[in-house]
Amino acid sequence: MEWAPSSLVRWLFDSRNGPSDRFLSRWIFLRALGVIYFSAFFSLVSQVRGLIGPEGILPASEYLKSVAEQLGHARYWYVPSVLWLSSGSHMLVGLCWVGMAAAVLVVFNIWPRGMLTICFVCFLSFVSAAGDFSGYQSDGMLLEAGFLSLFLAPGGFRPGFGETWPPVRAALYLLLWEWFRIYFESGVAKIAGGDPEWRNFTALDEYYQNGPLPTWIGWYAQHFPHWFHTATTFFTLALELVLIWAAFLPRPFRIALFFIVTPWQIAIILTANYTFLNYLVLILAFLLLDDRFLMRFVPTKWKQSLLGCPIALPTEPAPVAADQLSILAPSSSPSTGEVPASKNAPRDPWQSIRFCLAPLRVVLAAVLLMWIFYASTAQMVWMIGPAPLPTSPVTLLDPLRIANRYGLFAVMTRGRYEIEFQGSNDGQTWIAYPFRHKPQELDKPPRIYAPYQPRLDWNLWFASLGEWRDNPMVLRTQRHLLSNDLDVLALFATNPFPQGPPRQVRAVLWQYWFTSMAEKREHGLWWRRELLGLYAPAIQLGPDGKIIVTQWPETMPPHE
């Protein structure tokens, strides 16, 4: 291959020069991405009104109004969201339904580029306007992968395996770059954060108990011996800092790495509910594999229909040099899907238009993908140490959440704390509002429900590690419970005051622990807990509708 600048640009950014051995792995990845998008919107459709609706805890309308007053017309870039048109309940729910419908069409391989665009716009619209209920690393991971997938996906309405639309090579590289950074930057954060638990290999001693939303399998894993937790801590650091570099090695090493990280991610999914985060990391790893490897697992009856496609295997093993993920791979011939076969042959008008616009598409893809690569790489470099790199390209791209910095579990929590809302009509007898997902009842096993994400339950775990003044959603939730607001009550399992709202509402803080094996056998309890005190002020409504504080919380000892 001649490495002239123009040929290098075409090789990286022109789909017609994309790899011809990633059709099946791309097909699997995009179907799984559609499922993850669906799970994200499905989680939101029943929660979005209570979270950011007009009568929700943190209304999007209030946030958008504040942004508009501060930024003026620049608000459309720094808060990119279709909710600028309307942030009413119908718009919020409609946004989720449109996103779910588009995700289903992605799964069924119907106009994948168009449907992935709709999914991206709908999810970015929510994330940009949801304030404290969004902005998690999982949200950024999905948006980054979703945007890059627009360049990976084949064109056309029913593209099948997209044999005439190879993936843009740079998009494939950047998706694997995102996957690598999720691991490596998390490892760097664990070391750079200075948490002694990682340095002493004790970080996982109570990990299964203290994470945001545990599972019943995590309960059993917590009771494994200390050497097991020490070994898994060491392996976590080894994987994130050392083994993950095999992603840049030749094909056999990448395949071996796939079979290391995949069981690892499955184990995390079974022992903790991290929404769709681990599912996304799991499916990104499939891009390490090529069609020559994946065809071994395709049922025989399907292979016959695939043998006529470019993804078919040769009768003899391909040479080792045919590793098209390598930068040393030879350039493939341009696909004939967009190039007219003959000057004298009649041209389809749409095909001619595509052919004329091809150079512009290549230039646009090159600018966007190189921008993303610079922004993500600069942030990774800054994690390791200060470097004199321009910050404006990173800052300008930040609102789109498509070039993120990651760092999972840099600091481990030392205890499990749970905020519980309680109501009372006499100030003496308090009745708890039951949650749908987070730990509360002592005899109820923690469930597995990821990739579903209960955002209120999730946020309350983070809030429990700080003070109520830093988490206004807690007091706002109390205020809505005093009025029996239906949208907010829908975030809970049931309403303990169906006849009318309570006179007072308070938020208390508990500390939770897993029970021992003996305690569970004897009493059937999964949890034990201790009341630490009032987390936020107990409040009631005065005759004029204003909030009256009936009890202020006392200062609690530090907890993290």
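What counts, and at which threshold
Residues numbered from 1 in each chain as written. Predicted model: local features only at pLDDT ≥ 70, side-chain atom pairs only at ≥ 80, totals over all residues. Heavy atoms only, no water. Pairing = 2+ DSSP bridges. Helix = DSSP H or I, 4+ residues; strand = E, 2+ residues; numbered from the N terminus. Contact = heavy atoms within 4.5 Å. Axes fitted to C-alpha atoms, helices over the stretch in contact; angles between N-to-C directions. Phe/Tyr/Trp six-rings, centres within 6.5 Å; stacked < 30°, edge-to-face > 60°. Buried < 20%, exposed > 50% of the residue type's maximum accessible area, 1.4 Å probe, protein only. Salt bridge = Lys/Arg side-chain N within 4 Å of Asp/Glu carboxyl O.

**So, the sheet that holds strand β5 (residues 547-551)**
Thinking step 1. Pairing within the open sheet is antiparallel, and its five strands lie in the order β2-β1-β3-β4-β5. Among the strands making up the open sheet, the edge pair consists of β2 (431-432) and β5.
Thinking step 2. Here strand β4 (residues 527-541) pairs with β5 via four bridges, running antiparallel. Bridge pairing in β5 links I539 to V549.
Thinking step 3. Relative to strand β1 (residues 416-424), helix α20 (residues 455-464) is tilted by about 110°, and along the sheet it contacts β1, β3 (504-514) and β4.
Thinking step 4. Packed on one face of the sheet, helix α21 (residues 472-481) meets β1, β3, β4 and β5 and runs near 70° to β4.

**Considering the packing of aromatic side chains**
Thinking step 1. A complete count under the given rule lists 49 aromatic pairs for this structure.
Thinking step 2. Seen in terms of ring centroids, Y274 and F409 are 5.5 Å apart; in terms of plane orientation they differ by 70°. Their pairing is edge-to-face. Residue Y274 is located in the loop between α14 (251-271) and α15 (277-284), and its partner F409 is located in the loop between α19 (392-397) and β1; the two are separated by 135 residues in the primary sequence.
Thinking step 3. By relative accessible area, which is 30% here, F409 ends up partly exposed.

**Considerations on the pattern of salt bridges**
Thinking step 1. In total, this model carries 13 salt bridges according to the counting rule given.
Thinking step 2. One salt bridge connects D195 with R414, and the closest N-O pair in it is separated by 2.9 Å. A residue pair is termed long-range when its members are at least 10 positions apart, and D195 in the loop between α9 (169-192) and α10 (196-199) and R414 in the loop between α19 and β1 qualify at 219 residues.
Thinking step 3. A relative accessible area of 31% means that R414 is categorised as partly exposed.
Thinking step 4. Look at the salt bridges and you will find they share partners, linking E144, R181 and E185 into a network.

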